[in-house]
Structure formats: C-alpha cells, structure tokens
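Each chain is listed here by its residues.
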Amino acid sequence: MIENSVKTQFFDKTSTDRNLIKNTFLTTTQDAFNEAIKGNKTKLFSIIDEISSLENSDEDSNEQLILWMETFSKIVSNFTKEFQDLVGIILDINWVIRSSEFAIVYSQFLENLVSAHAFYMFPVAERLINLLCWKKPFENPRATLVSDPSVTPKIACDRVHAVLKRIISLIPSGPSFLITPIAEAFPDKFQDIKYQLWYLRNILKMIEYIPVLKEPIMSLIVEKIIKIDVEIQVEIEDMDDQDITDLQNLVFKMEKNDIDESSVEENSLNEKTQQDLINFDEINDNDENGFLFEELTEEDSNVKGMVEKLDGMLNILFDYISKLNAEERDDMFEILMEIFQKTILPTHNSRYTQFLVFYLCSYSPVYVNNFICLLAQKVLTPSVPSVIQVASAAYISSFVARAKYMEIAPVKTILQLLTRFALNYVEQNEHRLGSVLNPKQYMIFYSVVEAIILIFLYRWRTLMENDGNGISYGQLPPEMKGLDRIIQSRFNPLVVCNRGLVEEFAKLTHNLEIMYCYSIFENNNYSFIKNKQNELPETLLPFEPYQLKNSCHFIENIYQNWTPITGDEDDSDIESDVTDNILAMSISPMAPPAFNWINNYPA
C-alpha cells in the first residue's frame, strides 16, 4: 500500500523529487507482489482497491493512474496468471477517452504485458475490440468527468487500432484468434443502425493492418448482412398486398438523409460525398433514421429498420470495394467467390447481398468470365445437388440479363452452352418419359430452358444484329441452334416453365418472325402433369431491380433494366411479368478460367 504522505508529496506541485516518488511506488508495488507470491495478498488487494477507486473517482485521477501504469510497465514480468485479478482491473480502465499522455503510457503497458505474457493476448484483444463498438468508451456515466474534451469517438477508435496493430506484431502465432472476439462484438441485428455501421467501418479498417483477417472478416460481414436480408424477405412474405405496397412507398420510395450519403447529382458521388461515407464522426446520436418516415405500425417499423441497416451496410461495402486497387480487388474477388459458395448459394430468399458480387464483377471482364464459369460448372456437373444446379442456372440467367457491363461474346458463349446442355438432356432423357410428367424430377432441365429464354429476352437485340445492318429476322441466333427441338420435345417446357416468361418469349419470337409458340401452350393444359404439388416452385430471381435508396447509386449505372420489345408492342409493365415469378435461388464455387466449356461439352 502506498502511504498517503508519499502520494501527497508526489502530487504536491512544489515537490521536485518526482523520481524519488516513482521509486517509492515501484518498491512498494514490488513488495506487494512478493508478499502475494508468499500467500499474503493484503497489499495486492490494497493496490487493486486503489486502482478501482481511482477509475471510479469523481475527481481528476489522471496523474495518479499515469504513475501506476508507469510502475506496472516496469515490473510487467511479475504479472503471471495468479495476478489476473489485478490485470482485469487494469483492463477495465477507460483509457481511450483520457488525455494523450495517459493513453500513451497505458498503451505501452498493454504492449509490454502481451510481449511478456502471451496468454494475456486474448483478454487484451477482446477488450480492445469491444472498444470499437459505437461510443462504447463514452457510455460510462463518469466518462464526462475523466475524458479529455478533445477526444472524439473517432480519435478513441484510432487509439484502439494503433494498439491492436502494435500488439498483433508481437505474436508469432498470428492473429487468427481475433475473429472470435470480432464476431462476438458484432452488434445484434436488432440494435440501432448506428451500431451496425460504426462497427462495420471499424472492422474493415482492421483489414488494412491485419490483411490475413480479410477473408474471415468479410465472411462474417456477409453472414450478418444476409441474415438481415433474408429476414426482411420473410417479414414481407407474411404481409398482405396492401401492407407491402404501403411499406414499399415508405421504405423504398422516400428521399434519403445524410446518415452516410450526401445528395447525389447525376447518379455520381463527388469527392466530398465519398469522404463523408467513411467519416466516423458523421454518425451521431441524432441520426435515428436513414429515411424520413411517417408513423408506422410496429411490424412495419421493424422491417423499415432492417431495410435501413441493410442499405447502410451495403453502401459501406460498395464504397470499400470501390477504393481497392487492382491487386486488392483481385484478392477480394477470390474471397467473395468463396463466401458466395459457402454462404450466399445455400441461402434461400437473399435479395440484395449478392449484389456485392454483381458490383465487383463490373471492374473486370476476367471477373465476369470466372463468375460465369463458376456457375456453368455447377450446372454441368451431375454430382452437384440439384438445388445447387437450379440455383446456378438462375444466377446465370439473371446475371447475364442484368449485367450491363457484360460483353456480347461471353453472352453468346454461355447461351450456346446452355442450349447444348438442354438439347443433349432432351436426347438422353426424352425416351424415359411416361404418360404423366413430374416436372420436379427434371428441375435442372426446366431451369436451364428458363435461363435461355430470359437471356434471349434481354439480349436479343445484340444477338440478332446482322453485322451492323439492323436486326436479322426469321431465325434464332446460331448460339441457340436446337432450341426448336427442345421446345417441341415431350418435356413441353413452354407449358411447364414460368407462364409470364413464356408469353414474352412467344411474343418476341413471333414479332421477329422466328416461330409461332402460342399454339404450343394455348393448346396444351396441365393434365399431363402428375399433380399440382409437382409444379415447379417459384421465387425471386437473384438480381431483381435494386431498390435500396442509399446504396443504389453503385448499381444503377451498371444494371440493365427491361426494354420493351418494340414501341409498337404493348408497353405495359413487362418488367414484373418477366421477372416476378421465375424460378431462382443462389450460387457457387470457382471453375478454372482457362477451361473452355463450349469446346469440352458434347455437341
């Protein structure tokens, strides 16, 4: 225990013998440790009480705590496991909001502690990561009494990042253990939006100085986002049509505020706006909403809040991707493909999360090729579960239809591949059909036919161009050779496939004088299908129109909207007819980019 007279002398402004007082503290503290090792912890408990009292004092305790931290740093080798109670009290000190002088001394102690005793790395890192949560250090009621007024939340987080960066370099085993406390500190999906966005920005910042954590951190982020994404869709599915309409008018049609985006002119961000997106101090306690809302029901308010979180988190990730250099983007693409395979593909009802891949692919035709190859591999591989094959076909069709940046050459390649697959499927399996058809047994076939039709509906203008001499009428493009055989097969795809999609295809092919399909599905009925339960399930396509208002500016210029067939045709809302009820799900893993699927698939 430090004598009161010694403490008084040290803090007496007239005292000149500061070094003597430091030595006294050091001697007394060392003595407390020696006594504790012998079994007498009375002096040690006194030190613990002293530290706890100073931390909770209403008076300025900065100078006393600085002295203690300097003393502990000098004898850090004594902090063996039996002194974890004292270490716990020290780690509870709210150091990041105090003066720069104290923050420096405290940071040095943490570095010395971890360097001397590796087993303290996890509790130290855990405490540091928790400090990256939204205003965590400022929540203590006494924070205003001990904090330096110049310390903002951003400065506090910068201090934490600086310490984390230094202590991680001291551990030869690597920082992989950090992902556990990072995941545990991630705000719950029901917490306010500011908690989600603040923490997301901070863990993305960690990737800058701990690059080996890029994959697990990105994987964690996508898992969190997709849970919110899916829950939104589940909530919406439980609403009636009027509730959905009202919610869409509120959530998806309201003007944006500046929670993490300033006004956007001509669909592009100026330099100041881009800086605002990553400005930690932009988020404050007055930012209760990402949109302007009227009074909502409790259910609608819950969905609204989740939409805001999803929008804000995707906005941050799009911005993060946009600032990567070419090498970093290549690395991110590989990581996203793995995450895509592990998380997005098996997830039903994901509505927006997959646009991370859609956006990243816009930076390079190599990404487009690799992504399409990845999906094609799944479609063509018989050992792949059928649900994954069907999902991959849906992703191919939706991506090729919607990716405005995708060049026509790979479009033709994938269209030829899908047509050959469907034609080969007919030749190999048609003879097995009986008098009654169960479409669910042939889901991969019908999903591929739907993919062919959807791609053609969106890309027919470029596919049918005749060497710059306008549209070539009277026949399908060569990449779709054999489609007539597929359509006229006993599989009867125009009867089984999505009706809205088939009707648009019939209208287009009739308009282009290619074929007359109406008779096929008009003269047929569903009597040859085994029973109603065996009809194909219908869900959303993966890349439906992007409606999140804060983040949509990243997507709208690279996204292909539906264009009516001709100005003379019925220009009713074809977009919903074509896309609302088409079979879809999710996606999957990397295929070797050099492999030529067309040349290696049986003709």
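As a reminder, the structure under discussion sits directly above these lines.
Analysis parameters
- Residues numbered from 1 in each chain as written.
- Predicted model: local features only at pLDDT ≥ 70, side-chain atom pairs only at ≥ 80, totals over all residues.
- Heavy atoms only, no water.
- Axes fitted to C-alpha atoms, helices over the stretch in contact; angles between N-to-C directions.
- Helix = DSSP H or I, 4+ residues; strand = E, 2+ residues; numbered from the N terminus.
- Parallel < 35°, antiparallel > 145°, perpendicular 65-115°, else oblique.
- Left-handed = near helix turned anticlockwise from the far one by under 90°.
- Contact = heavy atoms within 4.5 Å.
- Salt bridge = Lys/Arg side-chain N within 4 Å of Asp/Glu carboxyl O.
- Buried < 20%, exposed > 50% of the residue type's maximum accessible area, 1.4 Å probe, protein only.
- Core = buried A, V, L, I, M, F, W, Y, C linked by side-chain atoms within 4.5 Å.
- Domains from an automatic or database assignment.
- Patch = residues over 30% accessible without salt bridge, like charges linked within 9 Å, V, L, I, M, F, W, Y side chains within 5 Å.
- Areas by Shrake-Rupley, 256 points an atom, 1.4 Å probe, with all protein chains shown as cover.
- Lys, Arg positive; Asp, Glu negative; His and termini not counted.
- Charge placed at Lys NZ, Arg CZ, Asp CG, Glu CD.
- Phe/Tyr/Trp six-rings, centres within 6.5 Å; stacked < 30°, edge-to-face > 60°.
- Lys NZ or Arg CZ within 6 Å of the ring centre and 35° of its normal.

Contact geometry of helix α2 (residues 18-37) with helix α4 (residues 62-74) gives a least axis separation of 10 Å together with a crossing angle of 55 degrees. Between α2 and α4, the interaxial angle falls into the category oblique. The two elements α2 and α4 cross, and the hand of that crossing is right-handed. Packed against α2, whose contacting residues are Lys22, Phe25, Leu26 and Thr29, the element α4 presents Leu67, Trp68, Glu70, Thr71, Phe72 and Lys74 at the interface.

Inspection of every chain in the model, using the stated rule, returns 15 salt bridges. The salt bridge partner of Arg499 is Glu503, with a shortest N-O separation of 3.1 Å. Here Arg499 and its partner Glu503 are both found in helix α24 (residues 499-511), four residues apart, which amounts to about one turn of the helix. For Arg499, a relative accessible area of 36% corresponds to the partly exposed category. Each of the salt bridges in this network shares a partner with another, and the network as a whole consists of Glu427, Glu430 and Arg485.

Ranked by size, the top nonpolar core spans 187 residues in total, and within it Phe79, Trp95 and Phe456 carry the most contacts. Take this core: its biggest share by element is 15 residues, from helix α21 (residues 443-463). Per-domain counts for this core show at least three residues from each of domain 1 (2-8 + 16-185) and domain 2 (364-534). Those residues in contact with Trp95 that sit more than four places away from it in its chain are Phe102, Ala103, Tyr106, Ser107, Leu128, Leu131, Arg159, Val160 and Val163.

A cluster of acidic residues, Glu208, Glu215, Glu327, Glu328, Asp330, Glu334 and Glu338, forms a negative patch on the protein surface. Its place among the elements puts Glu327 in helix α16 (residues 326-344). Given a relative accessible area of 66%, Glu327 falls into the exposed group.

Here we take up the packing of aromatic side chains. Under the definition given, this model contains 44 aromatic pairs. When the ring of Phe358 is compared with that of Tyr559, the centres are 6.0 Å apart and the planes differ by 55 degrees; the resulting orientation is tilted. Of this pair, Phe358 sits in helix α17 (residues 355-361) while Tyr559 is found in the loop between α25 (518-522) and α26 (574-579), placing the two residues 201 residues apart along the sequence. Residue classification places Phe358 among the buried positions, given a relative accessible area of 0%. Relative to Phe445, the ring of Tyr425 has its centre 5.4 Å away and its plane inclined at 20 degrees; by these criteria the two rings are stacked. Of the two residues, Tyr425 is situated in helix α20 (residues 408-429) and Phe445 in helix α21; the sequence distance between them amounts to 20 residues. The same class applies to Tyr425 and to Phe445, which are both buried. For the cation-ring pair, Arg98 lies above Phe102, with the distance from its terminal atom to the ring centre recorded as 5.5 Å. A cation sits over an aromatic face here: Arg351 above Tyr352, 4.5 Å from the ring centre.

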